[in-house]
Amino acid sequence: MSDTICDKNTFSKIYNSYAKDLHDYLYYKYGNQLDINDKVQEAFIKLWENCKDILPEKARAFLFRVGKNMMLNEFKHKKVVLKYKEVLPKNYTNETPEFIMEQEQFYQNYQKALGNLSEEQRVAFLLNKVEGKRHKEIAEMLNITTRVVEYRIYSAFKLIKEQVKGFR
Amino acid sequence: MEDDNLEKKWLVNDLSDAEKEAFDKLDDAELNQKIIKGAQQFKASQFSSIEDLETFKTRIDSEKKPVITLQAYKLAFRIAAIFVIGLGVYFTFFFTNITTIETLASQKTTIELPDASLVMLNADSKIAYHKKKWQSNRALKLTGEAFFKVAKGSKFDVITSEGTISVLGTQFNVKSRENYFEVICFEGLVRVSSNNQTIELSKGKSIRIINKKTVSEIVERTKPDWLTDKSQYKSVPLYLVLEELKRQYNIEINSNKIDTQLLFTGGFVHTNLDEALKTITIPFNLTYKKDSSNKISLYTIE
């Protein structure tokens, strides 16, 4: 039997390669208002249902398109508020209360800034800087050019900087 | 601006060593670094993660999604389409010719399987199996509730979204509803696998999982109550009892004004709605009103 997605081994490889990426993409784009894992599973189930008609090399594009469409139907157009982990200073007792408050302010503004970015800017920036994805990879995931990816990262950065500048 | 260009290049990791030196000397250098480092605090995997591959595989095998959609009301058409297409694929060992039998609300039926095993389906339930392959592979999928009289023979599997029940020739009842999973063995031996636990039930033993809490019980009856048009409950949340009432009588119930978490011990008949409502409402000091021929509202007595 040739190498179609219907082959469980091939499918497993695809799952292991793209499930996390799809999850992160949807999470950074839409925040946590819907169960992201649920949508990712639904997308893979759809891929499995259509396994006969999709070539392995087209699987990623299919998954991202399906995932995005699923979210579009249910996504409530509220501002995206991404959670952040509290930064515990290394030497807790040494930090002054003012410093801790400044940190808090910094992250609150960061959070707001991320929410104010366009979905495209936010996704490109976070996939690159948090997940370490190369520009080329992001370009393939989103079906755009690397030029556009670089531009989005750059404009995201500038906008974030604008908003967090007051709070060093 | 020169600084701007440097910044741009730094952002895309495109700096030569000399440029890097210049960049680090910028006023904003510290802030720039802080922003990049700070991004890490928003990392997705800290707050949300995906299932592993094995868990995903059980989703495909146990057809979780479509079972829920039978009772769900959102996106009915799109999901119904997935379900219809999916049915052929989810049964990875069934390719064509699946026999499906379904009961509606207030309907019960008896089915004879190719090996003379009997399945009695309660209201709003469904089984699916492969007729042609039955003799070599006795496995069927169940949503809802059914009583099985299994002819002696090779393994007989009942697959539900909550777990798989395997038997060798016996009589048992399986109830797989939303938030309520129960298996009662009336004769013989039954093996229940659910959520990484496996338990064997002999005659008179039952296992029940309500809202993820497992309860084992000894049962006195020799047949499930619903076969004689009654439902019996012991310490079951009222909302689950009301669900079954709706199913048996094909009615809607408005229970917004009462506490449906209260535990109910008792029963109701399937043949007389007024009597059924009385036996459910009286113990809780409730009363009911018929808004129309098939709509009931429940209230507390003031």
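Everything in this summary refers to the structure shown in the same document. (Residues numbered from 1 in each chain as written. Chains lettered and ligands numbered in written order. Predicted model: local features only at pLDDT ≥ 70, side-chain atom pairs only at ≥ 80, totals over all residues. Heavy atoms only, no water.)

All right, on to the overall build of chain A then. What chain A contains, in helices and strands, is seven helices and zero strands. When the helices and strands of chain A are listed from N to C terminus, the series reads α-α-α-α-α-α-α. Classification of the 168 residues of chain A by burial places 51% in the buried group. (Helix = DSSP H or I, 4+ residues; strand = E, 2+ residues; numbered from the N terminus. Buried < 20%, exposed > 50% of the residue type's maximum accessible area, 1.4 Å probe, protein only.)

Turning to the sheet that holds strand 18 (residues 295-300) of chain B, a few remarks are in order. Residue and element names in this part refer to chain B. With respect to topology, three strands assemble into an open sheet ordered 15-18-17, the strand pairing being mixed. Here the strands that pair on one side only, and so sit at the sheet edges, are strand 15 (252-254) and strand 17 (286-292). In this sheet, adjacent strand axes meet at a mean angle of 25° when their direction is disregarded. Sheet topology note: the strand 15/strand 18 ladder contains three bridges and is parallel. Residue pairing across strands places asparagine 254 opposite serine 297, the latter belonging to strand 18. Taken strand by strand, helix 7 (residues 238-249) contacts strand 15, strand 17 and strand 18, and its axis lies near 150° from that of strand 15. Contacting strand 17 and strand 18, helix 8 (residues 273-281) runs over the sheet at an angle of about 145° to strand 17. (Pairing = 2+ DSSP bridges. Axes fitted to C-alpha atoms, helices over the stretch in contact; angles between N-to-C directions. Contact = heavy atoms within 4.5 Å.)

Attention now goes to the state of the cysteines. All names here are of chain A. Considering all chains together, one arrives at one disulfide over all chains under this definition. A sulfur-sulfur distance of 2.0 Å marks the disulfide that ties cysteine 6 to cysteine 51. Taking the sign of the S-S torsion, about 95° here, the bridge from cysteine 6 to cysteine 51 comes out right-handed. Placement of the pair is cysteine 6 in the segment before helix 1 (8-30) and cysteine 51 in the loop between helix 2 (36-49) and helix 3 (59-74), with a sequence separation of 45 residues. You can call cysteine 6 partly exposed: its relative accessible area is 25%. (Disulfide = S-S within 2.5 Å.)

Our next topic: the pattern of salt bridges. Under the counting rule described, the total for this entry stands at 25 salt bridges over all chains. Residue Asp28(B) is joined to Lys161(A) by a salt bridge in which the shortest nitrogen-to-oxygen separation is 3.0 Å. Taken together, the positions of Asp28(B) in the loop between helix 2 (17-24) and helix 3 (29-39) and Lys161(A) in helix 7 (residues 146-164) put the pair across two chains. The partly exposed category is assigned to Asp28(B), whose relative accessible area is 31%. Residue Lys161(A) is classed as buried on the basis of its relative accessible area of 7%. The salt bridge partner of Asp115(B) is Arg138(B), with a shortest N-O separation of 2.6 Å. Remark: Arg138(B) occurs in strand 5 (residues 138-149) and Asp115(B) occurs in the loop between strand 2 (109-112) and strand 3 (118-121); sequence separation between them is 23 residues. Each member of the pair, Asp115(B) as well as Arg138(B), carries the same accessibility label: buried. (Salt bridge = Lys/Arg side-chain N within 4 Å of Asp/Glu carboxyl O.)

Residues and elements named next belong to chain B. Of all six residues in strand 12 (residues 205-210), five are buried; the element is thus mostly enclosed. The sheet contact formed by strand 9 (residues 180-187) and strand 12 spans five bridges and is antiparallel. Bridge assignment links isoleucine 184 to a residue of strand 12, and that residue is serine 206. Where strand 12 lies against strand 13 (residues 213-218), six bridges are found, and the strand directions are antiparallel. What sits directly across from arginine 208, in strand 13, is valine 215. If you look at the hairpin formed by strand 12 and strand 13, you'll find two residues sitting between the two strands, and asparagine 211 has a positive phi there, around 50°.

The next thing to look at is the packing of helix 1 of chain A against helix 5 (residues 119-129) of chain A. Residue and element names in this part refer to chain A. With their axes 8 Å apart at the nearest point, helix 1 and helix 5 run at an angle of 135° to one another. With respect to their mutual orientation, helix 1 and helix 5 come out oblique. Pair helix 1 / helix 5 crosses with right-handed handedness. Residues Asp24, Tyr25, Tyr28, Lys29 and Tyr30 of helix 1 form the contact with helix 5, whose own contacting residues are Glu119, Arg122, Val123, Leu126 and Leu127. Among the residues forming the contact of helix 1 with helix 5, the class breakdown is six nonpolar, no polar and four charged. (Parallel < 35°, antiparallel > 145°, perpendicular 65-115°, else oblique. Left-handed = near helix turned anticlockwise from the far one by under 90°. Nonpolar A, V, L, I, M, F, W, Y, C, P; charged D, E, K, R; others polar.)

Moving on: the packing of aromatic side chains. Scanning all chains against the criterion turns up 22 aromatic pairs over all chains. Where Phe44(A) meets Phe56(B), the ring centres are 6.0 Å apart and the plane angle is 75°; that geometry is what we call edge-to-face. Of the two residues, Phe44(A) is situated in helix 2 and Phe56(B) in helix 4 (residues 53-62); the pairing between them involves two chains. Residue Phe56(B) is classed as buried on the basis of its relative accessible area, which comes to 1%. On the numbers, 5.5 Å between centres and 80° between planes, the contact of Trp134(B) with Phe156(B) is edge-to-face. You can see Trp134(B) sitting in the loop between strand 4 (126-130) and strand 5 and its partner Phe156(B) sitting in strand 6 (residues 156-159), a full 22 residues away along the chain. Of the two residues, Trp134(B) and Phe156(B), neither departs from the other in class, the shared state being buried. Three or more aromatic residues joined by ring pairs form one cluster here, namely Phe11(A), Tyr15(A), Phe44(A), Trp48(A) and Phe56(B). Sitting above the plane of the Phe106(A) ring, Lys34(B) keeps its charged end 4.2 Å from the centroid. In this structure, Lys175(B) packs its charged tip against the face of Tyr180(B), placed 4.5 Å from the ring centre. (Phe/Tyr/Trp six-rings, centres within 6.5 Å; stacked < 30°, edge-to-face > 60°. Lys NZ or Arg CZ within 6 Å of the ring centre and 35° of its normal.)

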